[in-house]
Amino acid sequence: MYMAEETGFPSPARGYEAATIDLNALLVHNAPATFYMRMRGSQLMYRGIFPEDLLVVDRSKPPVPGCIVVVRQDDEFVCRELVRDGDRFVFSDGTGNLSPVTEDTELFGTVTGVVRKL
Amino acid sequence: MIFHVDANSFYASCESLFRPDLAGKPIVVLSNNDGIVIALNAAAKEAGFRRGDAWFKISAECAQKNVTVFSSNYTLYADISARIVAIYNRLCPEVEVYSIDESFLYYPDWNCPDYAGIAHHLRNTVLREIGIPVSVGIAPTRTLAKVCNKLAKSAGGVFSAEQVDMDRELARIPVGDVWGIGWSKKKTLERLGIRTALDLKRCPLHVAKKHLTITGLRTVQELGGVPANERIEAEKNRNICASKSFAEPVCTLAELEEAAAAYTHEAVRRLRAQNSRARFVSVFLMTSPWDDAGPQHCDQRSAALAAPTSYLPDILDTASALLRDLYREGHRYRKVMVNLLGLEDDVVSQPDLFAETAADEGKQALMRCFDSINRRYGQNAIRTALNITGNRSWSMRRRFLSPAYTTDLAGIPDVY
């Protein structure tokens, strides 16, 4: 790597150059399986996800209890927290309402990040 | 061993990916300019629609049967296709992208491998990570792998030539369904009494060569399990790109278009020089990162051509449309780049059911003439009048276009 041509003393920063911080490296772990979605609901405010937030959704990440998932429910995508209730999995909306994971529940992906512009 | 992997009803699958309300419902996708049906899902097939149906004939029936109609959204299809190919590359050492929804995967001949198991893993991975169903045909040659892929569609998504009596399967396949056997070859073969793929496999090589030329001979060898179809030669460029940084920042669309047109000319000249055709065009536009005088903008778009082509006006139209899409007023642009991708030989190619052959020949003749004038009188002695072709593709009819769900922040799907 070349720096601008040096005529006087060598730059003390030589050898310490680094690329700029890339947010993709932080938020995207498997690019082909990563999709972005726009949160429109307010059910997950208790987890710090607000309406209009940009969700980073990774389809390759297996869902585990405590994580936020996007699932197809009836005719739309919904975002819910997956929790364990005894020996079964349920979706929680933070108000104590639990809806069961059924055979028809179709997982779209796991939310791995939230982006919000202030 | 060769895997032929094909995405099922690819365009329709892409359209339903971000439309949870359409699960299980009929979908059709229309060609450029909303002319004819080019893709449809299983539910639409059941409802009686077919590939090739003219839109003006079926529009009333679609409304009545609650069929959801889409214009071709090549931005979406190209992005989903690139994601799927990324997964193939992760799982296979050698991948040949054959078209936007078809690839050949070459696996080494390991000792006692479970190819079907690998194929199921591949299929499940693409389904889970991208959400698109694919089917896999496994065979020692490309032609047989394509046959197996067709059989896989009704066999749970994976079909391996090794696990069955292939001759029995070939006996049930009409010769016209074999890869590389077009309408005229089919007629010739039927006159010789060759009606099924098995008949063709058993056809003596000298007879095949006499009636079908060398490509037909290779097809016969491939059906017999002998790899003969040359892959697209590696020494040829797999993509061609032309770009330059401007001496002075360029702000107006007209100037950018002129520059992009010049690079498209250059790229197509190189494309034609190596006897290739392109399937995709991408355009890249950027301001200078060292320019403090205005806002920064750097982006790229790509689109599939209606059919693989080396015809300059078609490629130019697509590149100009992409550029107009990218352009933002009030930016000082420093660089534009035109990239041709998905290159293939001009001779051996997948015939397009809807290609207008006569018009195609006219285009070919025009381009040959164009090339020879420029060879004789110098590059750019003859070129396209940009302003004449300028607005044609822009006014393309796309009344049922879905959002660019995966490539445009304004188009990303909503969650509740």
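What counts, and where the lines are drawn
Residues numbered from 1 in each chain as written. Chains lettered and ligands numbered in written order. Predicted model: local features only at pLDDT ≥ 70, side-chain atom pairs only at ≥ 80, totals over all residues. Pairing = 2+ DSSP bridges. Helix = DSSP H or I, 4+ residues; strand = E, 2+ residues; numbered from the N terminus. Axes fitted to C-alpha atoms, helices over the stretch in contact; angles between N-to-C directions. Contact = placed C-beta atoms within 7 Å. Buried ≥ 20, exposed ≤ 12 C-beta atoms within 10 Å, placed from the backbone. Nonpolar A, V, L, I, M, F, W, Y, C, P; charged D, E, K, R; others polar. Core = buried A, V, L, I, M, F, W, Y, C linked by C-beta atoms within 7 Å. Parallel < 35°, antiparallel > 145°, perpendicular 65-115°, else oblique. Left-handed = near helix turned anticlockwise from the far one by under 90°.

(A) The arrangement of the sheet that holds strand 4 (residues 68-71) of chain B in detail. All names here are of chain B. Taken together, three strands build an open sheet; the order of strands is 3-2-4 and the sheet is mixed. Strands with a single pairing partner mark the edges of an open sheet, and in this sheet they are strand 3 (37-40) and strand 4. Sheet twist, expressed as the mean angle between neighbouring strand axes with direction ignored, is 30°. Where strand 2 (residues 27-30) and strand 3 come together, three bridges link them in antiparallel fashion. Pairing of Val-28 across the sheet is with Leu-40, part of strand 3. Contacts from helix 1 (residues 10-17) reach strand 2, strand 3 and strand 4, with the element oriented near 115° to strand 2.

(B) Up close: unusual backbone geometry. Residues and elements named next belong to chain B. We note that Ser-9 has phi near 40°; this positive angle belongs to a residue other than glycine. Relative to the elements of secondary structure, Ser-9 occurs in the loop between strand 1 (2-7) and helix 1. For Ser-9, a count of 21 C-beta atoms within 10 Å translates into the label buried.

(C) Layout of helix 6 (residues 142-152) of chain B. Residue and element names in this part refer to chain B. Within helix 6, nine of the 11 residues are buried, leaving the element largely enclosed by the surrounding structure. Within the sequence span of helix 6, burial applies to Arg-142, Thr-143, Leu-144, Ala-145, Lys-146, Val-147, Cys-148, Asn-149 and Ala-152. Looking at the buried residues of helix 6, the elements they touch are strand 1, strand 6 (102-106), strand 7 (134-139), strand 8 (158-160), helix 9 (197-201) and helix 10 (205-223).

(D) Just the interface of chain B and chain A, in detail. Listed per partner, the contact involves 15 residues of chain B and 19 residues of chain A. Breaking the side of chain B that touches chain A down by element, the ones donating at least two residues are helix 4 (74-91), helix 5 (115-129) and strand 14 (414-415) of chain B. It is helix 4 of chain B that contributes the most residues to the side of chain B that touches chain A, three residues altogether. Considered class by class, the residues forming the side of chain B that touches chain A number eight nonpolar, two polar and five charged. Judged from the two bridges that link them, strand 1 (residues 34-39) of chain A and strand 14 of chain B form a sheet pairing that is parallel. What sits directly across from Met39(A), in strand 14 of chain B, is Val415(B).

(E) Highlighting the nonpolar core. Val70(A), Val28(B), Tyr77(B), Ile138(B), Val281(B) and Val283(B) are the most contacted members of the largest nonpolar core, which totals 124 residues. Not counting residues within four places of it along the chain, the set of residues in contact with Val281(B) comprises Ser302(B), Ala303(B), Leu305(B), Ile315(B), Thr318(B), Ala319(B), Leu322(B) and Leu340(B).

(F) The packing of helix 1 of chain B against helix 4 of chain B, seen in detail. Residue and element names in this part refer to chain B. Contact geometry for helix 1 and helix 4: axes closest at 10 Å, N-to-C directions at 95°. As summarised for this structure, helix 1 and helix 4 are arranged roughly perpendicular, according to the angle between their axes. Taken together, the residues of helix 4 that come into contact with helix 1 (itself represented by Phe-10, Tyr-11 and Cys-14) are Leu-76, Tyr-77 and Ile-80. When grouped by side-chain class, the residues that make up the contact of helix 1 with helix 4 number six nonpolar, no polar and no charged.

(G) Highlighting the packing of helix 11 (residues 253-273) of chain B against helix 12 (residues 312-326) of chain B. Residue and element names in this part refer to chain B. Axis separation between helix 11 and helix 12 bottoms out at 10 Å; the angle between their running directions is 145°. Here helix 11 runs over helix 12; the crossing is right-handed. In this structure, helix 11 contributes Leu-253, Leu-256, Glu-257, Ala-260, Ala-261, Thr-264 and Val-268 to the contact, and helix 12 contributes Leu-312, Ile-315, Leu-316, Ala-319, Ser-320, Leu-323 and Arg-324. Among the residues forming the contact of helix 11 with helix 12, the class breakdown is 10 nonpolar, two polar and two charged.

(H) Summary view of the sheet that holds strand 4 (residues 76-85) of chain A. Here we have eight strands laid out as an open sheet, ordered 6(A)-5(A)-4(A)-3(A)-7(A)-2(A)-1(A)-14(B), and mixed in their pairing. Whereas interior strands pair on both sides, the edge strands pair on one side only; in this sheet they are strand 6 (98-100) of chain A together with strand 14 of chain B. Sheet analysis places strand 5 (residues 88-92) of chain A next to strand 6 of chain A, joined by three bridges and oriented antiparallel. Considered in strand 6 of chain A, the bridge of Val90(A) is made with Pro100(A).

(I) Broad picture of the environment of Ala259(B). Residue and element names in this part refer to chain B. When you line up the elements, Ala-259 lands in helix 11. C-alpha separation for the pair Ala-259 and Val-338, spaced 79 residues apart in sequence, amounts to 9.9 Å. Ignoring any residue separated from it by four or fewer positions in sequence, one finds Ala-259 in contact with Val-250 and Val-336.

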